[in-house]
Each structure stands twice: as C-alpha cells, then as structure tokens.
Amino acid sequence: MVLSNITAAVFAALIAAVVVLILGPIAIPILHKLKFGQSIRTEGPKSHQVKSGTPTMGGIFMIIGIVVATLACAEINTEILLALFILLGHFVLGFLDDYIKVVKKRNLGLKAKQKLLGQIIIAIVTIYFATTQLGIETDLWIPIICENLDLGIFYYVLVLLVIVGASNAVNLTDGLDGLASGCMAIAAACYAVICLMDGHFELMIFCAAIVGACVGFLKFNFHPAKIFMGDTGSLALGGAFAAMGILTHTELLLPVVGLVFVCEALSVILQVISFQTTGKRIFRMAPLHHHFELGGWKELKVVFVFWGVSLICGIIGLAVLIQ
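Undergrad: Can you help me understand the packing of aromatic side chains in this one?
TA: To describe a pair of aromatic rings, one takes the distance between the centres and the angle between the planes. With the rule as written, the count across this model stands at 13 aromatic pairs. Taking 6.0 Å as the distance between ring centres and 35° as the angle between the ring planes, the aromatic pair formed by Phe 222 and Trp 307 counts as tilted. Note that Phe 222 is positioned in the loop between helix H7 (201-221) and helix H8 (230-247) and Trp 307 in helix H12 (residues 299-322), a separation of 85 residues in sequence. Given a relative accessible area of 28%, Phe 222 falls into the partly exposed group. A ring pair is formed by Phe 241 and Phe 261, whose centres lie 5.6 Å apart and whose planes are at 70°; its orientation type is edge-to-face. With a gap of 20 residues between them, Phe 241 in helix H8 and Phe 261 in helix H10 (residues 259-278) connect regions that are remote in the sequence. Relative accessible area serves as the criterion here: at 4%, Phe 261 is assigned to the buried category. Feature note: the residues Phe 61, Phe 217 and Phe 220 constitute an aromatic cluster, connected by ring pairs. The ring centre of Trp 297 lies 4.4 Å from the NZ or CZ of Lys 301, which sits over that ring.

This is the structure in structure tokens:
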C-alpha cells in the first residue's frame, strides 16, 4: 500500500514536470507576442534591468501541471479537493494581480484589501471543510515537546494567518531567477515525506506534483530566466504550502521548513516599520535576497545559498517531526 502510494507520487512528479516542459515552449512565445512582460524596479540591482520585458505569468502552466498530475495519480477525496481549492483560489488571485499589472498597466495590481478579502474567503472555506469534513481539531501541535494546545476559536485566526503569511512569503521570495521555484521544490519534497510519515498519502501525491512542476519550471526559469512565474505562480505555490501545513496539522513546522520564505517576508516587514518610524533602512533593499545582491553577491550565489538553507531547514523540519 505504502509502496504503491510512493510510486503514484513519483509518477505525479514526472507527469507534472513533463506537462510543464511541454507547455513551456508553447506558452513562452505566446506570452512574448501578447507582450506580457515583467516590469523591473528601477531602484533594484542594475543587473536586473536586462530582465525587463521577460514574459511573466508562467505560473499558468505550472498550475496546469500540478492539477493534471494530482488528478491523474491521486484518489480524489476531501483532503485533495481542499488542497486544490487553496491552490487554485490563490492562483486566481495571482492571475488577477498579474493581469491588472501586465495587461491593464496598473503597477500595483490588486489592492491589498482585495487580495486580503480573497484570502479570507479561502481561509473560511478551508476552516469549514477542514473541521467538518476532515475532523481537524482546533488544537495546535507544538514540535519538540510534542504537546497539543487547544486554541479554540483562535485556531481559525491561525489558519487565516498561515494562509495569508505563506502565500505572501513565497510571493516575496520570487525575485531572482529560480529562487522561489527551487526553494518551493525543496519545501514540497520535505512535506511529501511528512505526509508519507503521517499517512496523508493522497496529499503526498499533491506535494510530489508540486516538486515536479517546480523542477520542470526551472528549465525555463533558471538564470538567465526565459520566463517568470509571476504572482500567478508564487501566490498559488504559497497557498499550496499553507495547505500542506494545515491539512497535516503541522502549522508550526511551516516556518521551520520554509525559513527562507519567513526571512524574506520578515525583511520586508522590518524594513517598512524601520523606515516609517525612524526614516532609516535596516537592509540595503528588501526582500532579503536583494540585500545580498546589493552587497556584492552574484545572483546565482544568492540563489544557491538560499537553496542550501532551504535544504538544511527541510532536514531540520523532518528531524523535529521524528524526534
């Protein structure tokens, strides 16, 4: 039984990768023709200016790969449907955000209130089905001490914070060629193992599909990138990351496995607070990857170091779970 599920997960990863590899050469010229090009911040590293006009919204064929592979290899149950709902809900938000920025030429995309409203709706639906259909309790598993703390109604607030935090954190990490897709592949692979250990076999297949899609996307997104995933992909992947933590009831493992995402988000939060209160910046530029770039690191060095940190954090997350 376990072996067959592992086999299904491997097939899901392969299918997702193949779908992305097939769709990439088809989609990239179309996006070029439609002039769905990325705008580059002028205050950012000067080496990034050559990326202006590179097609974005590559997340479209990433999500197609994930959905096709999951539906083909997993048994469709409430858990899988909920994971796909969270993924696709954020995909819609990201697509609208990219569409407004790229097609409508409104640089800010969706307003923060509109995006938050969408995430709140996703969180409410998630909470309802997770508690009523999957039987997820309102207790919080605390790693290391392996105790459960009943949060009561505050657990619902936690779910909202996890969904908003994870989706935005992955979104902020998507700033260098291959950075977000590589880190997400590692995090999803880690959660595939967690799902295997906890008996969430269908969710393991979903995680494996994400690994395959991210690895396949690196063919086009690794430096020098031929396409970016855009908010279409990064918000969706962030939502999927939140789903992994919520559906396995390991919410506190998310910041361990996804420490790179957490640091990227915190760098932006701290930068904004510091500048608004003191007029000074803590970092050369936020998110954190730009701080290292402006400090003299080459883009590839930043990406490889962050991948390495992600791998170490994934191993630590697994060690915490099995201790």
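Undergrad: I keep staring at the pairing of strand E2 (residues 147-150) and nothing clicks. Help me out?
TA: The side chains of a regular strand alternate, first on one face of the sheet and then on the other. Here four bridges tie strand E1 (residues 139-142) to E2, and the two strands are oriented antiparallel to one another. Looking across to E2, one finds that Ile 142 is bridged to Glu 147. Between E1 and the antiparallel strand that follows it, E2, lie four residues; Ile 144 among them carries a positive phi value of about 70°.

Undergrad: Hey, could you run me through a nonpolar patch on the surface in this one?
TA: Among the surface-exposed residues, Val 18, Ile 22, Ile 26, Ile 30 and Leu 34 lie close enough to one another that they form a single nonpolar patch of about 460 Å² accessible area. Mapped onto the fold, Ile 26 is located in helix H1 (residues 2-33).

Undergrad: Looking at this structure, how should I read the nonpolar core?
TA: One recurring pattern in soluble globular proteins is that nonpolar side chains are buried together. Counting 96 residues, the largest nonpolar core has Met 184, Phe 206, Ile 210 and Phe 241 as its most contacted members. Apart from residues no more than four positions distant in its own chain, Ile 210 is found in contact with Ile 66, Met 184, Ala 188, Leu 237, Ala 240 and Met 244.

Undergrad: Would you mind going over the pattern of salt bridges with me for this structure?
TA: Two side chains that carry opposite charge are able to pair once their charged atoms sit near each other. Following the criterion strictly, the structure yields three salt bridges and no others. In this structure, Asp 97 and Lys 115 form a salt bridge, with 3.5 Å as the shortest nitrogen-oxygen distance. With a gap of 18 residues between them, Asp 97 in helix H3 (residues 78-102) and Lys 115 in helix H4 (residues 112-132) connect regions that are remote in the sequence. In this structure, a network of salt bridges that share partners links the residues Asp 97, Lys 101, Lys 115 and Asp 231.

Definitions and limits used
Residues numbered from 1 in each chain as written. Predicted model: local features only at pLDDT ≥ 70, side-chain atom pairs only at ≥ 80, totals over all residues. Heavy atoms only, no water. Phe/Tyr/Trp six-rings, centres within 6.5 Å; stacked < 30°, edge-to-face > 60°. Helix = DSSP H or I, 4+ residues; strand = E, 2+ residues; numbered from the N terminus. Buried < 20%, exposed > 50% of the residue type's maximum accessible area, 1.4 Å probe, protein only. Lys NZ or Arg CZ within 6 Å of the ring centre and 35° of its normal. Pairing = 2+ DSSP bridges. Patch = residues over 30% accessible without salt bridge, like charges linked within 9 Å, V, L, I, M, F, W, Y side chains within 5 Å. Areas by Shrake-Rupley, 256 points an atom, 1.4 Å probe, with all protein chains shown as cover. Salt bridge = Lys/Arg side-chain N within 4 Å of Asp/Glu carboxyl O. Core = buried A, V, L, I, M, F, W, Y, C linked by side-chain atoms within 4.5 Å. Contact = heavy atoms within 4.5 Å.

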